[in-house]
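Read off the chains here:
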There are 2 protein chains.
Amino acid sequence: MTSRVEIPENLSPITRRGVSRIISEDEFTAMLRRGQPLRLKMGFDPSRPDIHLGHVVGLRKLRQLQDLGHQVILIVGDWTAQIGDPSGRSATRTMLSHAEVLENAESYMRQFFKVVDRDRTQVEWQSQWFGEFTLANVIELTSRFTINQFLHREDFANRYSQNQPIAITEMLYPLMQAYDSVVIESDVEFGGTDQMFNLLVGRELQGMMGQTPQQCFMMPILVGTDGVQKMSKSLGNYVALEEPPQEMYGKLMSLPDNLITSYYEYLTDVPDADIAEMQHSMESETANPMDFKKGLARYITAVFHDADAASAAESHFEKVVQRRDLPDDMPKVSLSDIAELPMNRLLAQTGLASSNAEARRLITQGAVEIIHPNGERISVTPGDAPELRAGDVIRAGRRRFVRLV
Amino acid sequence: MTSRVEIPENLSPITRRGVSRIISEDEFTAMLRRGQPLRLKMGFDPSRPDIHLGHVVGLRKLRQLQDLGHQVILIVGDWTAQIGDPSGRSATRTMLSHAEVLENAESYMRQFFKVVDRDRTQVEWQSQWFGEFTLANVIELTSRFTINQFLHREDFANRYSQNQPIAITEMLYPLMQAYDSVVIESDVEFGGTDQMFNLLVGRELQGMMGQTPQQCFMMPILVGTDGVQKMSKSLGNYVALEEPPQEMYGKLMSLPDNLITSYYEYLTDVPDADIAEMQHSMESETANPMDFKKGLARYITAVFHDADAASAAESHFEKVVQRRDLPDDMPKVSLSDIAELPMNRLLAQTGLASSNAEARRLITQGAVEIIHPNGERISVTPGDAPELRAGDVIRAGRRRFVRLV
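This report concerns the structure included in the present document. (Residues numbered from 1 in each chain as written. Chains lettered and ligands numbered in written order. Predicted model: local features only at pLDDT ≥ 70, side-chain atom pairs only at ≥ 80, totals over all residues. Heavy atoms only, no water.)

For the rest of this paragraph, the subject is the overall build of chain A. A tally of helices and strands in chain A yields 19 helices and 11 strands. Counting every position in chain A, which comprises 405 residues, the buried fraction comes to 52%. Residue pairs in contact within chain A that sit at least 24 positions apart in sequence constitute 71% of those at least 6 positions apart. Of the charged side chains in chain A, 42 are positive and 55 negative, and the gap between their average positions amounts to 4 Å. (Helix = DSSP H or I, 4+ residues; strand = E, 2+ residues; numbered from the N terminus. Buried < 20%, exposed > 50% of the residue type's maximum accessible area, 1.4 Å probe, protein only. Contact = heavy atoms within 4.5 Å. Lys, Arg positive; Asp, Glu negative; His and termini not counted. Charge placed at Lys NZ, Arg CZ, Asp CG, Glu CD.)

What follows is the structure, given as structure tokens:
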């Protein structure tokens, strides 16, 4: 292939923004400067077909390099998915059938190509080489690595020391992923920071087999909408790519303010200088974080849907969530009077209900909610003692409100 | 197959003599009493083609069961041999080429059928099933067992705790051996006591795959001719089956007296009562152990060669080793006078040589030897300070002797 490859003067938007670690950055930089199209390997596990914004950080990096003229090779892990990646896992996973894997793979790619350019992507299925992989090949591959190396990896070491079962099959996973790198002659492999071990096994195996060892490009972890943990489907703190516009916009609006700039950094093309300016104006309180958050939610919704859908989602949010009319004047209740009361007693105490029994009935009917100053509305259950802050409004039924001070 | 199977009244010659442990003896006894031909599995590793008397203990057990009408299935481990059995091993072994394995297998079988009846033996090569074993098969098999189980096995545990490398491939060995049992539908598998783990994995896998789990029949360890360690080629304390008659006979004659009866028990058909009688007469010193040992050496040499060869070997031994004429009268030297002297100084000191220099010359020419009371002759080198006991004779040149007292 004799494609033209662009070599930008300043490489830091590639090697620094949206990057956790490159092994090694110097080698990778030298490769970029050489001006040859690089083979960028990205494997995916079709047992986890849903892409969320956490994965988009890496996909955007691939797209950025594609736009310079490099080649993406997408590996459909239809074989490793049958085993399940043990990385960062604390228990052996159930294996998928081949049929499930195929269905999931299709779904994954539909999402993947919303970010990555399909025309500059070569898709390879592991079954092309593992379908004919023999026991002799397995013996050859497994003889190059030791149980000791693998069990020193943090997740295996923890499970082993706690005497949790580790299937022998799980040792095959990193080896198979590594073998993929050899087959496709990968120059750079991309993965999350929890993939470092697997990526390094690939690098080592290529070296053993006389290839130039691949660069390992690790993307940062995106914190989920809860503001605390890694974005993950199982934790429920994620924004899926196939989320309808209103939900995508709404989930992004629930982001804590302190994550706004990192989302801009990892998920948009807004220049670093502009992001720094946002950060500064929020810290000095010369701008309202809500405005930047709306800009972010609109941007991302437009990427995965379109500008019209993003505008409509924003209007919906403003009308239904943000501006839902509250009376200008309402009774005020001091936080200290109601500290740590369960909701039913709180309603009786503040006069929102005439009795504990009515309070309980209102709550059970779903007629009670807490409205935060940013417009977010939280529903409650009778025994709850939710965290309340000054500025929160409590609504009971259609017309009864109090504001906490 | 509708062969007739004999059911002996007394099973203890089968289940007790030449047996270390059966898992489980009760089940195995019940199987024998059922009167159906059993499928007796014996695998061998063609990376170790030499059979010595240590292996014959098990081969005789197979033969004994064949003579009752049972069926031996000999598995040629042409695939596992490429990995090498990690059992009892303290380091990863180099893998053999397939060509070496084939050559070794032929040599093994030539020896094996000196004991086991070829007509009642079905030979199966692992390549019949492992030649077409796919990665999917490997995944299916490895998913049934855990690293934890395997690393708790003593040899792996020791290597792991000492941080010695264990190739991932070594985990495959017991699984492949176990899979053999499933393929041939083994009823009983035979192995040394160091094979217990591998045999039990086979038993477990058969159960998982809906077969009746095999019985595990473990043979005792035969102590080598040094009287101390397990008979083994690498320790040099072995009697090979392809040993020429004189050497086979001579090696057996070097056996310490306290091993005579166990060799009779494990390697001959001499009845238990006769062996007990021998033991008793040796303990009460009413018989010379040398006579029993000659009987044993003659018996075994006749089995692996023939009666004439055994007689010839015995005559040779008596003439050359045992009765080589010594003068009736010779100078006596007190052991305490020569304690721990190197040979050259000892010769000078005892008058066997006129000087240190002559002593050294005689030794270098091979003209000096120590003759033990049992006729055994030990050659020496100048710096040696060999262990000497009362009754030993030292010869220097043709006619000079001293007897140590």
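Glancing now at the sheet that holds strand β7 (residues 332-333) of chain A. Residues and elements named next belong to chain A. Strand order in the open sheet made by the 5 strands is β7-β11-β10-β8-β9, with mixed pairing throughout. On the outer flanks of this sheet lie β7 and β9 (377-379), each paired with one strand and no other. In terms of strand pairing, strand β8 (residues 368-371) meets strand β10 (residues 393-396) through 4 bridges, oriented antiparallel. Bridge pairing links I370 to I394 in β10. (Pairing = 2+ DSSP bridges.)

Interface size, as often reported, equals the accessible area lost upon joining of the parts. Of the residues lining the interface, 31 residues belong to chain B; the matching set on chain A comes to 31 residues. Surface buried jointly by chain B and chain A totals about 2,800 Å² across both partners, of which 75% is contributed by carbon and sulfur atoms. The largest share of the area that chain B buries against chain A comes from B:L135, B:I147 and B:I168, three residues that together contribute 26% of it. The interface formed by chain B and chain A holds 0 salt bridges in total. Our count for the chain B to chain A interface comes out at 16 residue pairs in polar contact (both at pLDDT 80 or more). Looking at the side of chain B that touches chain A, the elements with two or more residues in it are α7 (135-142), α8 (147-151) and α10 (172-184) of chain B. Per element, the largest residue contribution to the side of chain B that touches chain A is 5 residues, and it comes from α7(B). A breakdown of the residues in the side of chain B that touches chain A according to their chemical character gives 22 nonpolar, 9 polar and no charged. (Buried area = accessible area lost by both parts, 1.4 Å probe. Salt bridge = Lys/Arg side-chain N within 4 Å of Asp/Glu carboxyl O. Polar contact = N/O pair within 3.5 Å; in protein donor to acceptor, adjacent residues only side chain to side chain. Nonpolar A, V, L, I, M, F, W, Y, C, P; charged D, E, K, R; others polar.)

In this section: the packing of helix α3 (residues 53-68) of chain B against helix α13 (residues 260-267) of chain B. All names here are of chain B. Interhelical geometry of α3 versus α13 gives an angle of 40° and a closest axis separation of 9 Å. Between α3 and α13, the crossing angle belongs to the class labelled oblique. Contacts between α3 and α13 pair L53, V56, V57 and R60 from the former with Y263, Y266 and L267 from the latter. (Axes fitted to C-alpha atoms, helices over the stretch in contact; angles between N-to-C directions. Parallel < 35°, antiparallel > 145°, perpendicular 65-115°, else oblique.)

To continue, consider the environment of B:A357. In this fold, B:A357 is placed in helix α19 (residues 356-364). Remark: the alpha-carbon pair of B:A357 and B:Y264, spanning 93 residues in sequence, is separated by 48 Å.

The subject of this paragraph is helix α11 (residues 196-208) of chain A. All names here are of chain A. Compared with an ideal rise of 1.5 Å per residue, which puts 13 residues at 18 Å, α11 spans 18 Å between its outermost C-alpha atoms and is within 8% of the ideal. Within α11 the residues assigned to the buried category are N198, L199, V201, G202, R203, L205 and Q206. G210 lies just past α11 and shows a positive phi near 80°. (Expected span 1.5 Å × (residues − 1).)

It is worth spelling out the side chain of B:Q177 at this point. Residues and elements named next belong to chain B. For Q177, the position within the fold is in helix α10. Judged by its relative accessible area of 9%, Q177 falls in the buried class. Those residues in contact with Q177, other than ones at most four positions away along the chain, are K41, T80, E189, Q195, N198 and L199.

This next bit is on the environment of A:F44. Residues and elements named next belong to chain A. You can see F44 is positioned in strand β2 (residues 39-44). A C-alpha to C-alpha distance of 16 Å links F44 and L172, two positions 128 residues apart in sequence. Non-local contacts of F44, meaning those with residues more than four positions away in its chain, are made with L74, I75, V76, G77, A105, Y108 and M109.

Attention now goes to the packing of aromatic side chains. Counted under the stated rule, the structure contains 25 aromatic pairs over all chains. Plain terms: the ring middles of A:Y160 and B:Y160 are 5.9 Å apart, the flat faces sit at 75° to each other, and that makes the pair edge-to-face. Taken together, the residues A:Y160 in helix α9 (residues 154-161) and B:Y160 in helix α9 (residues 154-161) connect one chain to another. Neither A:Y160 nor B:Y160 differs from the other in exposure class; each is buried. Centroid distance B:F44 to B:Y108: 3.6 Å. Interplanar angle 5°. Geometry classified as stacked. (Phe/Tyr/Trp six-rings, centres within 6.5 Å; stacked < 30°, edge-to-face > 60°.)

Mapping chain B onto chain A calls for a rotation angle of 180° and an axial translation of 0.1 Å; the resulting RMSD is 0.5 Å. Both copies of the chain, as the preceding transformation shows, are related through a two-fold rotation axis. Minimal C-alpha distance to the rotation axis in chain B is attained by B:T134, lying at 2.3 Å. A high fraction, 100%, of the interface residues of chain B reappear at the interface in chain A, so the copies pair face to face through one surface. (Least-squares fit on C-alpha atoms with pLDDT ≥ 70 in both.)

To continue, consider the pattern of salt bridges. All names here are of chain A. Enumeration according to the criterion identifies 38 salt bridges over all chains in this entry. Between E27 and R203 there is a salt bridge whose closest N-O contact spans 3.6 Å. Taken together, the residues E27 in helix α2 (residues 25-34) and R203 in helix α11 connect sequence positions 176 residues apart. Exposure remark for E27: the relative accessible area of 38% places this residue in the partly exposed category.

Our focus in this paragraph is the sheet that holds strand β4 (residues 121-125) of chain A. Two strands in a sheet stick together by hydrogen bonds in their backbones, pointing the same way (parallel) or opposite ways (antiparallel). Residues and elements named next belong to chain A. Strand order in the open sheet formed by 6 strands is β1-β6-β5-β2-β3-β4, and the pairing between neighbours is mixed. The open sheet has two edge strands, β1 (21-23) and β4, and neither has a second partner. Taken over all neighbouring pairs, the strand axes of this sheet differ in orientation by 25° on average, direction set aside. Two elements, β2 and strand β3 (residues 71-76), share 6 bridges in a ladder whose sense is parallel. Its bridge partner lying in β3, M42 is registered against L74. Against the sheet, helix α3 (residues 53-67) contacts β2, β3, β4, β5 (188-192) and β6 (215-219), and its axis sits at roughly 155° relative to β2.

All names here are of chain A. I23 connects to S24 through a cis peptide bond whose omega is -5°. Mapping S24 onto the fold places it in the loop between β1 and α2. In this model, E185 sits at a positive phi of 50°, which is unusual for a non-glycine residue. By secondary structure assignment, the location of E185 is in the loop between α10 (172-184) and β5. For E185, a relative accessible area of 48% translates into the label partly exposed.

Turning our attention to the environment of A:M290. The topology assignment puts A:M290 in helix α15 (residues 289-304). Judged by its relative accessible area of 15%, A:M290 falls in the buried class.

This part takes up the side chain of B:R159. Residues and elements named next belong to chain B. When you line up the elements, R159 lands in helix α9. R159 sits in the buried class, given a relative accessible area of 1%. Side-chain polar atoms of R159 contact the side chain of E170, separated by 2.9 Å.

The next thing to look at is helix α12 (residues 245-253) of chain B. Considered for burial, the residues of α12(B) that qualify are B:M248, B:Y249, B:L252 and B:M253. For α12(B), the angular spread of the buried residues around the axis is 135°, confining them to a single face. (Arc of directions from axis to C-beta.)

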